[in-house]
Amino acid sequence: WVSHVRSYEFVDDKKKSLVGKLQQKLSKMQRTIEAVENDLRNNSRAQEYQESGELLMANLQEIKPGDKKFVVRKEGGVIEIPLVKGLAPAQSAQRYFEKAKRSRTAQKRATERLYALRASVAPATKLLSLLHEVNWKEELKEFMYKYNRELEEFGIGEKSEHRETLPFRVFIVDGG
């Protein structure tokens with residue numbers, strides 16, 4: 001009877017540890033997903049930069065040297081385009097085109113990251129629900145063996161637990 005109690009306590013402690021780590025990873029993923037979604041909503045300025053560059057290129061003859069901004073009246077209202085001090089209007093337009101390109105690239109990367117994060121949520125949730133069903137030492141061993149690869153992907157598998165953690169980071173630089 002004592003061995004059953006100790007076995008159950010071991011399983012309970014190990015299970016609590018795994019559940020806590022999985023919930024922590026899941027919570028971090030959810031926060032990151034929210035942050036990336038927020039960035040995607042707030043940083044979709046590629047079209048605005050592209051339009052600014054096009055408007056500057058279309059109106060080069062109207063921009064005078066030393067102007068700090070160029071004002072365009074459109075059917076929707078007035079658009080003020082800041083100009084870079086010391087650059088010709090065509091160079092300012094080129095800067096806007098480069099900003100549009102960088103913004104599109106950043107949006108693409110953020111979208112890919114968001115997709116990967118969302119794809120990771122389902123396996124973590126599945127592992128949590130399966131872990132809640134584990135009650136005995138043999139079930140825990142079977143769970144750890146069967147889902148070792150998935151647990152390793154979240155950094156909480158057997159190998160990850162036995163890996164020594166150093167109090168610093170190691171970087172490999174040119175020349176080794």
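What comes next concerns the included structure.

Rules and cut-offs
- Residues numbered from 1 in each chain as written.
- Predicted model: local features only at pLDDT ≥ 70, side-chain atom pairs only at ≥ 80, totals over all residues.
- Heavy atoms only, no water.
- Core = buried A, V, L, I, M, F, W, Y, C linked by side-chain atoms within 4.5 Å.
- Buried < 20%, exposed > 50% of the residue type's maximum accessible area, 1.4 Å probe, protein only.
- Helix = DSSP H or I, 4+ residues; strand = E, 2+ residues; numbered from the N terminus.
- Contact = heavy atoms within 4.5 Å.
- Phe/Tyr/Trp six-rings, centres within 6.5 Å; stacked < 30°, edge-to-face > 60°.
- Pairing = 2+ DSSP bridges.

### A few points about the nonpolar core
(1) Moving on: If you look at the biggest cluster of nonpolar residues, it comprises 25 residues, and the most contacted ones within it are Leu-22, Met-29, Leu-127, Leu-131, Leu-140, Phe-143 and Phe-154.
(2) Moving on: When residues of this core are traced back to their parent elements, those giving at least two are helix H1 (2-42), helix H3 (89-132) and helix H4 (137-146).
(3) Moving on: Broken down by element, this core gets its largest block of residues, 9 residues, from H1.
(4) Moving on: Not counting residues within four places of it along the chain, the set of residues in contact with Met-29 comprises Leu-117, Ser-120, Val-121, Ala-124 and Phe-154.
(5) Moving on: With 11 residues, the next largest nonpolar core counts Tyr-49, Leu-56, Leu-83 and Tyr-96 among its residues.

### Notes on the packing of aromatic side chains
(1) Moving on: Under the definition given, this model contains 2 aromatic pairs.
(2) Moving on: Ring centres of Tyr-49 and Tyr-96 lie 6.4 Å apart, and the angle between their planes is 40°; this geometry places the pair in the tilted category. Placement of Tyr-49 in helix H2 (residues 46-58) and of Tyr-96 in helix H3 is noted, with a sequence separation of 47 residues between them.
(3) Moving on: Here Phe-143 and Tyr-147 contribute two aromatic rings whose centre-to-centre distance is 5.1 Å and whose plane-to-plane angle is 45°, an arrangement assigned as tilted. For the pair shown, Phe-143 and Tyr-147 are each scored as buried.

### Structural notes on the pairing of strand E1 (residues 69-74)
(1) Moving on: Both E1 and strand E2 (residues 77-82) contribute to a ladder of 6 bridges, which runs antiparallel. Bridge assignment links Val-72 to a residue of E2, and that residue is Ile-79.
(2) Moving on: The turn linking E1 back onto E2 is made up of 2 residues.

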